[in-house]
Amino acid sequence: LFGRGAAGGPRGQPRPRRGRDVQASVQIDLKTAFDGGRTRLAMQDPAGGERVLEVKIPAGIQPGQVIRLSGQGQAGMAGGPKGDLLLEIGIRDDPRFRLDGRNVVHVLPITPWEAALGATVPVPTLAGTVDLRIPAGSQSGRKLRLKGRGMPGAHPGDQLVELSIRAPVPENDEQKAAYEALGEQFRDFDPRR
């Protein structure tokens, strides 16, 4: 018969203890967050050095969500199992899109005549380019909604397309005359009123 030591194991032997969980944060791009899939991440090992892990990213993951990687934390004691690695997800800024919860916002430059007369123009989304109809009489700042084109999930987000009217700079006398004629046609219009 063996007596039990203070640590609870056979006399003189420590009881196996699970290793501690390790927390880390990682930045992924918005397209990876949208598509999901497997990605390779280089991590600093708590014991020193660097290790590369293959991580499964769920489609539609949000900033601040945590992925648990079992057995990737600190080593256990006395033959105990390793702890887990808890990866907090951050999403890098994207030059074309901004996240707003599950919605994705895109600022779309349009011409004054597209805004005034209406047009159908191509718009980038995270799933590819789609055609968007701009209603006649649109103004800068107006938001158009592409239903279900935001981040995937149980309740998918939308893509909000914010219109930004860009006027061309006249580069010759004919273009200046065209602006002057336009000003004459709309002389009663005061955008500051």
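Everything that follows concerns the structure shown earlier in this document.
Residues numbered from 1 in each chain as written. Predicted model: local features only at pLDDT ≥ 70, side-chain atom pairs only at ≥ 80, totals over all residues. Heavy atoms only, no water.

1. Let's talk about the overall build of the chain
In terms of regular secondary structure, the chain is built from three helices and 11 strands. Scanning the chain from its N terminus toward the C terminus, one meets helices and strands in the order β-α-β-β-β-β-β-β-α-β-β-β-β-α. Dimensions of the chain along its principal axes, counting C-alpha atoms only, are 105 × 35 × 30 Å. Here the chain holds 193 residues, and 32% of them are scored as buried. Long-range contacts, defined as pairs at least 24 residues apart, comprise 50% of the intrachain contacts of the chain with a sequence gap of at least 6. Summed over its atoms, the accessible surface of the chain is roughly 12900 Å², and 50% of this surface lies on carbon and sulfur atoms. In the chain, 28 positive and 22 negative side-chain charges are present, and the distance between their average locations comes to 15 Å. (Helix = DSSP H or I, 4+ residues; strand = E, 2+ residues; numbered from the N terminus. Buried < 20%, exposed > 50% of the residue type's maximum accessible area, 1.4 Å probe, protein only. Contact = heavy atoms within 4.5 Å. Areas by Shrake-Rupley, 256 points an atom, 1.4 Å probe, with all protein chains shown as cover. Lys, Arg positive; Asp, Glu negative; His and termini not counted. Charge placed at Lys NZ, Arg CZ, Asp CG, Glu CD.)

2. Brief notes about the sheet that holds strand β11 (residues 159-165)
Strand order in the open sheet made by the four strands is β6-β7-β11-β10, with mixed pairing throughout. The sheet terminates laterally at β6 (98-100) and β10 (143-146), the two strands that pair on one side only. The sheet shows a mean angle of 35 degrees between the axes of neighbouring strands, taken without regard to direction. Pairing of β6 with strand β7 (residues 103-110), which is carried by three bridges, proceeds in the antiparallel orientation. Residue Leu 99 lies in a different strand from β7, and its bridge partner there is Val 104. (Pairing = 2+ DSSP bridges. Axes fitted to C-alpha atoms, helices over the stretch in contact; angles between N-to-C directions.)

3. Focus: the nonpolar core
By size, the foremost hydrophobic cluster in this structure holds 22 residues, and its most contacted members are Val 55, Ile 67, Leu 87 and Ile 89. Once residues lying within four places of it in the same chain are set aside, the contact partners of Ile 89 are Val 26, Ile 28, Ile 57, Ile 61, Gln 62, Pro 63, Gly 64, Gln 65 and Ile 67. In this structure, Leu 132, Ile 134, Leu 144 and Val 161 belong to the second largest nonpolar core, which totals 12 residues. (Core = buried A, V, L, I, M, F, W, Y, C linked by side-chain atoms within 4.5 Å.)

4. Concerning the side chain of Gln 159
Inspection of the secondary structure assignment puts Gln 159 in strand β11. Owing to a relative accessible area of 0%, Gln 159 belongs among the buried residues under this scheme. A polar atom in the side chain of Gln 159 sits 2.9 Å from the backbone oxygen of Pro 124. Setting aside its immediate chain neighbours within four residues, Gln 159 contacts Phe 97, Val 104, His 106, Val 123, Pro 124, Thr 125, Leu 126, Leu 144, Arg 145, Leu 146, Arg 149 and Gly 150. (Polar contact = N/O pair within 3.5 Å; in protein donor to acceptor, adjacent residues only side chain to side chain.)

5. Let's talk about the pairing of β11
Remark: a regular strand shows side chains that alternate across the two faces of the sheet. With respect to burial, β11 is a largely interior element, five of its seven residues being buried. Pairing of β7 with β11 involves seven bridges; the strand directions are parallel. Across the sheet, residue His 106 finds its bridge partner in β11, namely Val 161.

6. With respect to the environment of Ser 70
By the secondary structure assignment, Ser 70 is in the loop between β4 (66-69) and β5 (85-91). The spacing of Ser 70 and Leu 85 is 15 residues in sequence and 6.5 Å in space, taken between C-alpha atoms. In contact with Ser 70, not counting residues within four places along its chain, are Gly 83 and Asp 84.

7. Thoughts on the environment of Val 169
Within the secondary structure, Val 169 sits in the loop between β11 and α3 (173-185). Its relative accessible area of 66% is what places Val 169 among the exposed residues.

8. Some points on the sheet that holds β4
Strand order in the open sheet formed by three strands is β1-β5-β4, with mixed pairing between adjacent strands. The open sheet terminates on both sides in strands that have one partner only, identified here as β1 (22-28) and β4. Between one strand axis and the next, the sheet turns through 30 degrees on average, direction left out of account.

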